[in-house]
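Here is what each chain is made of, one letter per residue.
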Amino acid sequence: MSKVLETKGVPFSFKAVDKESSVIKTATRKVSEGDVKGALRVLCSNESLAPQTVETAAKLQTKHPVDEGGTFEEVKLDFEISPTEVGDVVKAIRSFPLSSSGGIGGLRPRHLKDLTSFTCGDSANELLKTVSSLIDIIRSGLVQKDVLKVFFGASLTALNKGENDVRPIAVGLVWRRVAGKISNYKIREQLVRKLKPFQFGFGIKGGAEALVHAVREFCKTRHDKPMALVKFDFENAFNMLFRKFMLGEVKDVCPELFPLLQQAYRLVSNLYFADNPLLSQRGYQQGDPLGPTGFCIGIMRMTHSLLSRFNGWYLDDGTIGDELSTVLVDIQKVLSFYDVSGLRLNTKKCEVFFINATPDEEAHMYAEISALLPGIKKVDESSLELLGTPIFETGLKRMFSSKTESVKLMCDRLKLMDVHPALCVFRKSLSGCRFNYLMRTSRAYLLPDHLRSVDEMFRSTLEAITNVRLEGLSWDQASLPLSYGGIGIRRVEDLAIPAYLSSVYSSSELCDVILQKFNLKIINDQILQLIDEIPRNFVPETDTLKKEQRNWDLPKIKHQFDELFENGDLRTRARLLASSTKESSKWLQVIPSSQLGLLLDNNSARIAVGLRVGSKLCEEHKCICGKMVERDGLHGLSCAKCAEGKFARHDTMNNIFAHAFSSAGVPNIIQPPGVSRDDGKRPDGMTLIPWSHGFVESIPNTTTTAVSS
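Along each chain, residue indices are assigned from 1 in the same order as the chain's sequence is written. Local features in a predicted model are, by the rule used here, given only for residues with pLDDT of at least 70; side-chain atom pairs are given and counted only at 80 or more, and totals for whole chains, interfaces and linings are based on all residues. Heavy atoms from the whole structure form the basis of all side-chain values; hydrogens and water molecules are not counted.

### Looking at the sheet that holds strand S8 (residues 310-314)
Criterion used throughout: strands pair if DSSP finds at least two bridges between them. The secondary structure listing takes helices from DSSP runs of H or I that are at least 4 residues long and strands from runs of E that are at least 2 residues long, numbered from the N terminus. Pairing is mixed in the open sheet, where five strands are placed in the order S8-S9-S5-S10-S11. Looking at which strands have only one partner, the edges of the open sheet turn out to be S8 and strand S11 (377-378). Contacts from helix H9 (residues 207-220) reach strand S5 (227-232), S8, strand S9 (317-322) and strand S10 (351-355) within the one sheet, and its direction differs from that of S8 by about 150 degrees. Contacts from helix H15 (residues 359-372) reach S5, S10 and S11 within the one sheet, and its direction differs from that of S10 by about 150 degrees. Only heavy atoms enter the contact rule, under which two residues are in contact if any of them lie within 4.5 Å. Note on geometry: axes are C-alpha line fits, over the in-contact stretch for helices, and angles between N-to-C directions span 0 to 180 degrees.

### Digging into the pairing of S8
With four of five residues buried, S8 lies mostly within the body of the structure. Bridge count for S8 against S9 is five bridges, and the pairing is antiparallel. For Gly312, the partnering residue across the bridge sits in S9 and is Thr319. Here S8 hands over to S9 after two residues, with Leu315 in that stretch at a positive phi of 55 degrees. Remark: exposure states derive from per-residue accessible area (1.4 Å probe, protein chains only) relative to the maximum for the residue type, with buried under 20%, exposed over 50%, and partly exposed in between.

### Quick word on the pattern of salt bridges
A pair is scored as a salt bridge if a Lys or Arg side-chain nitrogen falls within 4 Å of a carboxyl oxygen belonging to Asp or Glu. Scanning the entire structure with this criterion turns up 35 salt bridges. Residue Asp165 is joined to Lys63 by a salt bridge in which the shortest nitrogen-to-oxygen separation is 3.3 Å. One end of the pair, Asp165, is in strand S4 (residues 165-172); the other, Lys63, is in the loop between helix H3 (54-62) and helix H4 (86-94), with 102 residues separating them in the sequence. A relative accessible area of 27% means that Asp165 is categorised as partly exposed. The shortest N-O distance in the salt bridge between Lys408 and Asp412 comes to 3.2 Å. With a gap of four residues between them, Lys408 and Asp412 both fall in helix H16 (residues 396-414), about one helical turn apart. Take Lys408: its relative accessible area is 37%, and that puts it in the partly exposed class. Residues joined by salt bridges that share partners form a network here, namely Lys225, Arg309, Asp322 and Glu323.

### Topic: the confidence of the model for the chain
Here the chain averages 86 in pLDDT, while 92% of its residues score no lower than 70. Contacts of residues 1-17 to residues separated by more than four positions or lying in other chains number 14 contacts, the stretch itself having pLDDT below 50. A score from 0 to 100, pLDDT tells how confident the predictor is in each residue. Counting interchain partners and residues more than four positions distant, the pLDDT-below-50 stretch residues 696-709 has 28 contacts.

### Regarding the packing of H4 against helix H6 (residues 122-139)
Relative to each other, H4 and H6 sit at 95 degrees, their axes nearing to 9 Å. The orientation of H4 relative to H6 falls into the category roughly perpendicular. The residues of H6 that touch H4, namely those facing Val86, Val89, Val90 and Ile93, are Leu128, Lys129, Val131 and Ser132. Residues belonging to the contact of H4 with H6 are distributed by class as follows: six nonpolar, one polar and one charged. Angle categories: roughly parallel below 35 degrees, roughly antiparallel above 145, roughly perpendicular from 65 to 115, and oblique for all the rest. Lys, Arg, Asp and Glu make up the charged group, whereas Ala, Val, Leu, Ile, Met, Phe, Trp, Tyr, Cys and Pro make up the nonpolar group; the residues left over, Gly among them, are polar.

### Some remarks on the nonpolar core
Within soluble globular proteins, side chains that are nonpolar generally end up buried alongside one another. Among the nonpolar cores identified, the biggest contains 160 residues, and Val230, Phe310, Ile369 and Phe458 are the most heavily contacted of them. Residues in contact with Val230, not counting those within four places in the same chain, are Gly318, Thr319, Ile320, Val327, Ile331, Glu351, Val352, Ile369, Leu373 and Ile376. Each nonpolar core is a collection of buried residues, namely Ala, Val, Leu, Ile, Met, Phe, Trp, Tyr and Cys, held together in the definition by side-chain atoms within 4.5 Å.

### Looking at the packing of aromatic side chains
Whether two aromatic rings pair depends on their centres lying within 6.5 Å, for rings of Phe, Tyr and Trp, where Trp uses its six-membered ring; planes under 30 degrees apart make the pair stacked, over 60 edge-to-face, and the rest tilted. Applying the stated criterion across every chain, the model contains 16 aromatic pairs. Among the aromatic residues, ring-to-ring pairing joins Phe400, Phe426, Phe435 and Phe458 into one connected group. Two conditions define a charge sitting above a ring: the NZ of Lys or the CZ of Arg must be within 6 Å of the ring centre, and it must be within 35 degrees of the ring normal. Positioned above the aromatic ring of Tyr185, the side-chain terminus of Lys91 is 4.3 Å from the ring centre. Geometry around Phe565 places Arg573 over its ring, the cationic atom sitting 5.1 Å from the centre.

### Comments concerning the side chain of Ser341
With respect to the element layout, Ser341 can be found in helix H14 (residues 324-341). Assessed through its relative accessible area of 0%, Ser341 is described here as buried. Beyond its immediate stretch of four places on either side in the chain, Ser341 contacts Met240, Leu241, Phe242 and Phe245.

### Observations regarding the sheet that holds strand S6 (residues 269-273)
Judged by pairing direction, the sheet is mixed, and its four strands sit side by side in the order S4-S3-S6-S7 without closing on themselves. Only two strands of the sheet have a single partner each, and these edge strands are S4 and strand S7 (276-280). Taken pair by pair, the neighbouring strands of this sheet meet at an average axis angle of 40 degrees, ignoring direction. Pairing analysis gives two bridges linking strand S3 (residues 154-161) to S6, with the strands arranged parallel. The residue bridging Ala154 from the neighbouring strand is Leu271, located in S6.

### Quick word on the pairing of S6
Of all five residues in S6, four are buried; the element is thus mostly enclosed. Note that S6 and S7 share five bridges and pair antiparallel. Paired with Tyr272 across the strands is Pro277, a residue of S7. As consecutive antiparallel partners, S6 and S7 are separated by two residues, and within that stretch Ala274 has a phi angle of approximately 60 degrees, a positive value.

What follows is the structure, given as structure tokens:
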């Protein structure tokens, strides 16, 4: 048990503090490395590593069952893959998250990023060409059979899931993952054409949003007859496909992927957990870039065979809707698909929703469906969700409250970090963007009170992080983008309508394809009425412009900036003009790394934020120069006796230049003695190698070049 003390009536746990301290240290380290997304995952995660015990290994093995579908005999196709281009290799390497693991090989994607950086010159180009040749060997299925078991294996990590379950995380060799990403690039367009118009989880931008909008329109429409909407849920979907079946589907549907996937999955491979390897015998490994691609190929024939007029899939999340007789036929097809594929429905997690049905009709329809899917859950308007979004407004309040609680945990942890790293994470990942998907896929603008409560949480969090009071005009300015003098902490109340309308217009073509058999369109009178309520100068002129959220948002941003400028005094106007220049926000965009000399201390970051948005930084007092210092703290920028601050900034600038030269291998001296200029001024520093003709590795008769600040 953790030791608990009473501090002002509040229990205090050493264990809790230690855990939070570890989280904060890890997040801060990731931010300094430039991995803001990795820091965000640490801050928002409550998952913990499962112990490396025999019991955990047994649970992991159940996630990787024995393949009962037979052995796939090796096939050699008379098919040449398209060659790997250097540009594809660069794109694949850069697509990895900065904190991505290296798997059993230890070579991380970040190592490749560093080795192929432009700073490495010709060596990087030669390495990229060599990697391209290696990827061609892997994609062609020419890896030696003796190493397949290890090369296509993975290191396995177990995370606790619920009370008595684990979540497996498999990380393969970096070369195998690079080859998978490049293969996806090569076959994307042709495969999307084959998967349409039913699968939206691969290669389709905005596929999830389109499916949500289409389901909402289908459920809200008055149909001539009662309709049933069924959501399918598969057990451990990616790990359950029979490999004989899935490789056969890949060979027929997408032969360019077949050589790579055949050598990866025809034989059993090793999953390394603790000291004893587990066996990967069935399905696609989680973490394989080709896993989602192969899964979509594996279920393609089944999804295309369904008769329901509404038929939409996002990877393994399937949704069908039609009259009862048609839905029952399709359910039987999905159930029978298990015999050939190994995919089994988890009937207790499947859901059904009825449209335009009386209570008696609902009871009859539910009895018919539950006879095929025992335990299927009947949902109402308040609980119907799809891909993390409520379909009806009655469920939106609950979803918003749940989302707010999860974000609140991250905000509370941010308050424990230093100012500059916390501000970086908050601005880039935790403000309005955390709610953007929910606002794009739902009518969140109908909940103004909830939106304001989220904005208040953002405002109070920013205040706590920076120790700067944000009220009135200061908060109005802080909520603007950087290019308009703000901090970039956007208010969700301002984004709700632009996010929803841009999503509707950008996904309208896909939605029309999904709903074409019902002759439904998502741009209807309700959408047009909403647009009519918006000032005309805030509405983009063409449908093409309406697809971009920025085009809905920018006119209002400009209007807010103009209002602040017109209503402000001369000092406010000067601050707005200065803070909206391109260079003034660079300190908010850099990586807050002490190793690079880019990390502001807490007080400096606090002052920088306060000066930018015009907040009160201090109490009124008399300066040593005799003048009164107002609460905005601007006097310190021009005080004649503030020499210490000037010298500190001056010396810091010199140190930064000297460190940069040293990193580039150029010898230099700060404030060299015995060097004079014609005007009597002393140079701040000098390099010991001339730069008039560029950098030369070895120069006889070396001269000196003065560098003045």
